[in-house]
Amino acid sequence: MTKPVMRVQDLAVTFTSFTGGLLQRKQRQLRAVDGISFELHAGETLGIVGESGSGKSTLARAILGLIKPGRGRVIWRGEELTGLDEEELRQKRKELQIVFQDPVASLNPRMTAGDLIAEPLWTFYPNMERRQVDERTRGMMKLVGLLPNQINRYPHEFSGGQCQRIGIARSLVLNPRLLICDEPVSALDVSIQAQIINLLKDLQKKLGLALIFIAHDLSVVRHISDRVMVMYMGQAMEVSDKTNLYRKPRHPYSNALMKSVPVPDPKLASAARRNSWLTGDMPSPYQRPKGCIFNNRCPYRVSRCKVDVPALRKMENEDWAACHRAEELDLSI
Amino acid sequence: MNSGVELKDQGLEIKDPFAAALAAEDIRGRSLWVDAWHRLLKNRAAVVSGFIMALMVMMVIFGPMLLPWEGDFTDWDNTSTPPSAQTGHWFGTDAVGRDIMVRTLEGGRISLLVGLVATLVSLVIGVSYGAVAGYYGGMTDRVMMRIVDIIYALPFMFFVILLMVVFGRHIVLIFVAIGAVNWLDMARIVRGQTLSLKNTEFVEAARACGVDHQSIIRRHIIPNLLGVVMVYVTLTIPQVILVESFLSFLGLGVQEPMSSWGALVNDGAQDMESSPWTLIFPAMFLTITLYCFNYIGDGMRDALDPKDRT
Amino acid sequence: MALLEVTGLQVEFDTPEGAVKAVNGMNFEVNEGETLAIVGESGAGKSQLVMAIMGLLAENGSASGKALFRGKDLMKMKPKELNTVRGRHIAMIFQDPMTSLNPFLSIEKQMTEVAMHHQGLPRDEARAHAVEMLRAVRIPDPEERILQYPHEYSGGMRQRVMIAMGLLCEPELLIADEPSTALDVTIQAQITELVSELRQETRMAIILITHDLAAVAEISDRIIVMYAGEVVEAGSVDDIFYRPQHPYTRGLLASVPRLDRVSDDELQAIPGNPPNLLELPSGCRFRDRCVEAIEQCSEKPPLWVSADGRVSRCVMEMEGGAIEPASEEAGGAE
């Protein structure tokens, strides 16, 4: 196999907050990302799925250096990003880009679509001629399916889906090699979500991008990912090849996530619901369960789960799962 | 210079049914400013106030030139005369026979000038100071805001009197004194706005695009807090005019023969019983101005911050 | 008699670009104990529709038409009267629970006050009632958790609290505007389950508003599909899911990503963008995004109505339907 473009090793992010009064200040540690490792190849898509609070967005920001990780390394094409200073990291933004969740909020309402898309060019190529910038901006708009004659319009004059296209054009204008999409469709109408997913998939093929696609819904990442990582409370529960995961998940949590996807069929829906059993909320991040962090919500737990922390183990076919019972459970769909 | 970015079209087919529109001319965008302007024009109170203020400015600038009297001309034939067209003193005269109309208009020049200049000073200092403190945060913010707190704690009147004693009474000092105090409020407001803007997704997006700090403040932070600042400015101008009037009323303001609305009201108040017109006319001009600015400020607030966008 | 009967409802907004008709002549009814889902993309007017009925339109909006609730027209009520109806007989839940809860008051205070005000219960009874409602929406340890503040609840729990507050006065009608859209799929599934249990346990009628057909498959009796302020199709759940008539409904169904089917390489999307009410095409409003559009679509499509209440607005004939001669515009004009 070829060398991966990105290697993430044991990455961890901890937020510290203070509670209590002035005199008895207590420090609380929130482990948002807790030892994540993966490799990503050129042209490959990794899907990252988990509930809110699972640390998936924090992970994305830590990979890009927007948040300083507390531990671990991010190696991008042989260079360690985690060791770079602010300016060196800023130069790397040409290669590593991100698309945000809320298409409207992530665009400055006072700038035109054209200016928003051109801004990275102004930043990194300040001497570029105005005509060239304009040409490139219009080219990008066409590429993402926007009409170039709308270059002078403002974000509020576009629909949510169109705003997300502006966001994508903006993050691709510098020809990056890695694009991280942080829930790029969850704020959009279902009818429009597929447009954006298909667009990203097309662009990836055309531009040979490595893609990290984050979502809270397993059904959304299915069509775009090659591999999927399922995260829970900052840890990887399962990292599997797409076909294997959707046929036979290894971790009870992956299974639970799949079961909660609504089915657009009144008869099947109620049947699926009867089998759904993921109850309760994620525990407070300050009171992490002992043993397996998923044990309090897991229907398959045994006494061992409350004591031993399961490691992320290799199953057959390059799949990984962090469950004591991964081999014995049959969770096939 | 070669940019290093490939400029070739990556050639993806557009599935849009309006492919013909590709060749069409650029559509003009409608910025939030334009939107706000249209909303402001629909606010009758604000529009009328704006009109009156424009008229007022014209009057105080050109009025004294057109009138036959000089501000310091003493008409010994007509001292303390009530308003009358016969004498040519439409607003009457004061105890030493000076025309109230020309004095009111000339006083307006000073009052409005003080309002504008002092506000402008506080605007420039306050916005840059507040934006920097809010954006960088941390130690920078703490030190900068403590300085603001310290200046804030100085008693204003004490400060003014001190200035007067050291430098003597001069109109520039009034600008300095008022501006020096007013920028503090502005800095605090701007800092608060910046703090919340700093955490918005579009600022994070700009950071993720590699945009440097200065450009983020210039392109993303300041344009987005201008709305609040503009509203605050329109409400600060009347406030400054009032402070100046107050200073003049205490005798710390502009000096004869120059005058301001505050000084005129002060003079007029002393002769209130014998010649009320010396009080009424300057007070009227002052009040109208204050009302107008407040209406404009309110209108701008509503226009810039619509509760519902559909 | 229907619990809620809406006829010729129109909603108009006054914007800088001119008047925008967000809802253009809606007719529908909700019967007791029935769950009605109103489905459509953003800009379909589905939220504005219920806001108009509830008298909660933004300042620049105006509504006309009739909305008879138990025979009384909500649109003609005085604000005070409407307030009582809103609190006691119709409850409403919004997408973002945090904006509807007061962050400075404990859940106990907020819920008890509602019960005391609308039902005239003494404090301790009101409190007991509130605890009972929290238990009904499956909040664990309601006795303990009622003392907490909104920020101590997770997103899903907050939405449960909102539902519990809605249920406090035992309303006859619950209107939920995208109640689970902002939540994780896992929590969405829980809310869906909760609603489906409530449907069985109470006689309450429910109006669900959503952009996601899949989310209401299991929990609705009838569905209205809206596009650009108009009904494009209406019918029973089975009609809509198994025998969709309108190309738009079919598009909405196809765009739901599914795990229970072998995946195609391309996901199906409805092309184009959600309707911009200022730039609607002539004739059929969906025409510029419709994959099945033909020439006749440039003219106003007929409204097909069948005896069992199915409705479709399309040039294509609806089975067992007849063209409604006077379409809603007539009703809205009076």
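Every value quoted in this text rests on a predicted model; they were computed, and no experiment measured them.

With that settled, the discussion passes to the overall build of chain C. The number of helices and strands found in chain C is 12 helices and 13 strands. Its C-alpha radius of gyration of 21 Å places chain C within 12% of the 20 Å reference for a compact globule of 334 residues. Viewed in the frame of its principal axes, chain C has a C-alpha envelope of about 65 × 50 × 40 Å. Counting every position in chain C, which comprises 334 residues, the buried fraction comes to 50%. The contacts of chain C with a sequence gap of at least 6 include a subset with a gap of at least 24, amounting to 62%.

Across the boundary between the two partners, chain A contributes 44 residues, which contact 38 residues of chain B. Within the residue set of the side of chain A that touches chain B, elements represented by two or more residues are α3 (113-124), α4 (130-143) and α6 (190-207) of chain A. The residue makeup of the side of chain A that touches chain B, split by class, is 18 nonpolar, 12 polar and 14 charged.

This part is about the nonpolar core. Core analysis: the largest hydrophobic core is formed by 168 residues, its most contacted members being A169(A) and I212(A). Here this core spans two domains, since at least three of its residues come from each of domain 1 (6-18 + 27-95 + 176-321) and domain 2 (110-175) of chain A. Those residues in contact with A169(A) that sit more than four places away from it in its chain are I117(A), M140(A), M141(A), L143(A), V144(A) and L146(A). Judged by nonpolar contacts, the second largest core, of 99 residues, contains A115(C), Y153(C), I206(C) and I219(C).

Let us now look at the domain arrangement of chain A. Residue and element names in this part refer to chain A. Annotation of chain A at the domain level lists domain 1 (6-18 + 27-95 + 176-321) and domain 2 (110-175). Between domain 1 and domain 2, the contact holds 11 residues from the first and 11 residues from the second. Classifying every residue of the side of domain 1 that touches domain 2 by side-chain character gives nine nonpolar, one polar and one charged.

Attention shifts here to the sheet that holds strand β7 (residues 178-182) of chain A. Residues and elements named next belong to chain A. Spatial ordering of the open sheet is given by β6-β7-β8-β3-β9-β10-β12-β11, a layout of eight strands whose pairing is mixed. Looking at which strands have only one partner, the edges of the open sheet turn out to be β6 (96-99) and β11 (313-314). Examined bridge by bridge, strand β3 (residues 45-49) and strand β9 (residues 227-232) share four bridges and lie parallel to one another. Directly across from G47, in β9, lies its bridge partner V228. With respect to the sheet, helix α5 (residues 160-172) is in contact with β6 and β7, its orientation differing from that of β6 by roughly 175 degrees.

Before going further, it helps to examine the pairing of β3(A). Residues and elements named next belong to chain A. Summarising burial for β3: five of the five residues are buried, a large majority. The two faces of β3 match: T45, G47 and V49 on one face and L46 and I48 on the other face are all buried. Bridge count between β3 and strand β8 (residues 210-215): five bridges; the pairing is parallel. If you follow L46 over to β8, its bridge partner there is I212.

Turning to unusual backbone geometry, a few remarks are in order. Residues and elements named next belong to chain A. Even without being glycine, D10 reaches a positive phi, approximately 50 degrees. Looking at where D10 falls in the secondary structure, it is placed in strand β1 (residues 6-19). Overall, the presence of 12 C-beta atoms within 10 Å leaves D10 in the exposed class. Non-glycine residue M233 carries a positive phi angle of around 50 degrees. Within the element layout of this structure, M233 appears in the loop between β9 and β10 (235-241).

This part is about the interface of chain C and chain A. Counting from both sides, the interface comprises 40 residues of chain C and, opposite them, 39 residues of chain A. Every element with two or more residues in the side of chain C that touches chain A is listed here: α7 (155-167), α8 (185-201), α9 (213-216), α10 (237-242) and α11 (247-254) of chain C. Of the residues contributing to the side of chain C that touches chain A, the split by class is 18 nonpolar, 13 polar and nine charged.

As a further point, take the sheet that holds strand β11 (residues 303-306) of chain C. Residue and element names in this part refer to chain C. Here we have nine strands laid out as an open sheet, ordered β6-β7-β8-β3-β9-β10-β12-β11-β13, and mixed in their pairing. Two strands bound the open sheet, and with one partner strand each, they are β6 (90-93) and β13 (321-323). Between one strand and the next, the sheet's axes are offset by a mean angle of 20 degrees, whatever the strand orientation. Note that β6 and strand β7 (residues 173-177) share four bridges and pair parallel. Counterpart to I93 in the pairing with β7 is A176. Together, β3 (35-39), β7, β8 (205-210) and β9 (222-227) form the strand contacts of helix α1 (residues 46-53), whose direction differs from that of β8 by roughly 140 degrees.

The subject of this paragraph is the environment of E95(A). All names here are of chain A. Considering the arrangement of structural elements, one finds E95 in the loop between α2 (86-92) and β6. Put simply, E95 and N295 are 200 residues apart on the chain and 40 Å apart in space, counted from C-alpha to C-alpha. Filtering out sequence-adjacent residues up to four positions away, E95 remains in contact with P176, R177 and L178.

For the rest of this paragraph, the subject is the environment of K3(A). Mapped onto the elements of the fold, K3(A) is located in the segment before β1. Sequence spacing of K3(A) and K314(A) is 311 residues, and the spatial spacing of their C-alpha atoms is 20 Å.

Before going further, it helps to spend a moment on α8(C). Compared with an ideal rise of 1.5 Å per residue, which puts 17 residues at 24 Å, α8(C) spans 24 Å between its outermost C-alpha atoms and is within 8% of the ideal. Restricting attention to buried positions, one finds in α8(C) the residues V185(C), T186(C), I187(C), Q188(C), A189(C), Q190(C), I191(C), T192(C), L194(C), V195(C) and R199(C). Buried positions along α8(C) lie against α9 (252-259) of chain A together with β3, α7, β8 and α9 of chain C.

Turning next to the confidence of the model for chain C. All names here are of chain C. Averaged over chain C, the pLDDT score is 85; the fraction of residues at 70 or greater is 96%. The model gives residues 328-334 a pLDDT under 50, and that stretch makes 13 contacts with residues more than four places away or in other chains. Reported confidences for the modelled complex are a pTM of 0.84 and an ipTM of 0.85.

Turning to the packing of helix α3 (residues 100-136) of chain B against helix α8 (residues 213-249) of chain B, a few remarks are in order. Residues and elements named next belong to chain B. Running from N to C, α3 and α8 point in directions that differ by 145 degrees, and their axes come no closer than 8 Å. Seen along the crossing, α3 lies across α8 with a hand that is right-handed. The segment α3 lies against α8, with S111, V114, G115, L116, A118, T119, S122, L123, V127, A131 and Y135 engaging I217, I221, I222, V229, V233, T236, I237, V240, I241 and E244. Its residues placed into classes, the contact of α3 with α8 shows 15 nonpolar, five polar and one charged.

Glancing now at helix α4 (residues 107-119) of chain C. Residues and elements named next belong to chain C. With 13 residues, α4 extends 18 Å from end C-alpha to end C-alpha; this agrees with the ideal 18 Å at 1.5 Å per step. Turning to α4, its buried residues number three or more, namely I107, M111, T112 and A115. One side of α4 holds all its buried residues, which, seen down the axis, span an arc of 110 degrees. Note on α4: the residue one or two positions beyond its end, G120, has a positive phi of about 65 degrees.

Residue and element names in this part refer to chain B. By the secondary structure assignment, G50 is in helix α2 (residues 44-66). Classification of G50 by C-beta neighbours within 10 Å gives partly exposed; the count is 19. In the structure, G50 is positioned 24 residues away from T74 in sequence and 35 Å away in space, judged by C-alpha atoms.

Basis of the calculations
- Along each chain, residue indices are assigned from 1 in the same order as the chain's sequence is written.
- Following the order in which they are written, the chains are lettered starting with A and the ligands numbered starting with 1.
- Where totals are concerned, whole chains, interfaces and linings use all residues; where local detail is concerned, this predicted model gives features only for residues with pLDDT of at least 70, and gives and counts side-chain atom pairs only at 80 or more.
- Only runs of H or I of at least four residues qualify as helices and only runs of E of at least two qualify as strands under DSSP, and these elements are numbered from the N terminus.
- Throughout, the radius of gyration refers to the C-alpha atoms, and the reference size of a globule is 2.2 Å times the residue count to the power 0.38.
- Every C-beta atom is placed from the backbone, and the number of other C-beta atoms within 10 Å of a residue's own sets its class: buried at 20 or more, exposed at 12 or fewer, partly exposed in between.
- Working definition of a contact: two residues with C-beta atoms, positioned from the backbone, lying within 7 Å.
- As a working rule, the residues Ala, Val, Leu, Ile, Met, Phe, Trp, Tyr, Cys and Pro are called nonpolar, Asp, Glu, Lys and Arg charged, and the rest polar, with Gly in that last group.
- By our criterion, buried Ala, Val, Leu, Ile, Met, Phe, Trp, Tyr and Cys residues that link up through C-beta atoms within 7 Å make up a nonpolar core.
- Domain start and stop positions are those given by an automatic or database domain assignment.
- Here, any two strands with at least 2 DSSP bridges between them count as paired.
- Helix axes are fitted only over the stretch in contact, all axes being lines through C-alpha atoms; the angle between N-to-C directions runs from 0 to 180 degrees.
- By definition here, a helix of n residues has an expected span of 1.5 Å times n minus one.
- Here pLDDT means the predictor's own confidence in every residue, given as a number from 0 to 100.
- Should the near helix be turned anticlockwise from the far one by less than a right angle, the crossing is termed left-handed; should it be turned clockwise, right-handed.
- Working note: the arc is built from the helix axis to C-beta atom directions.

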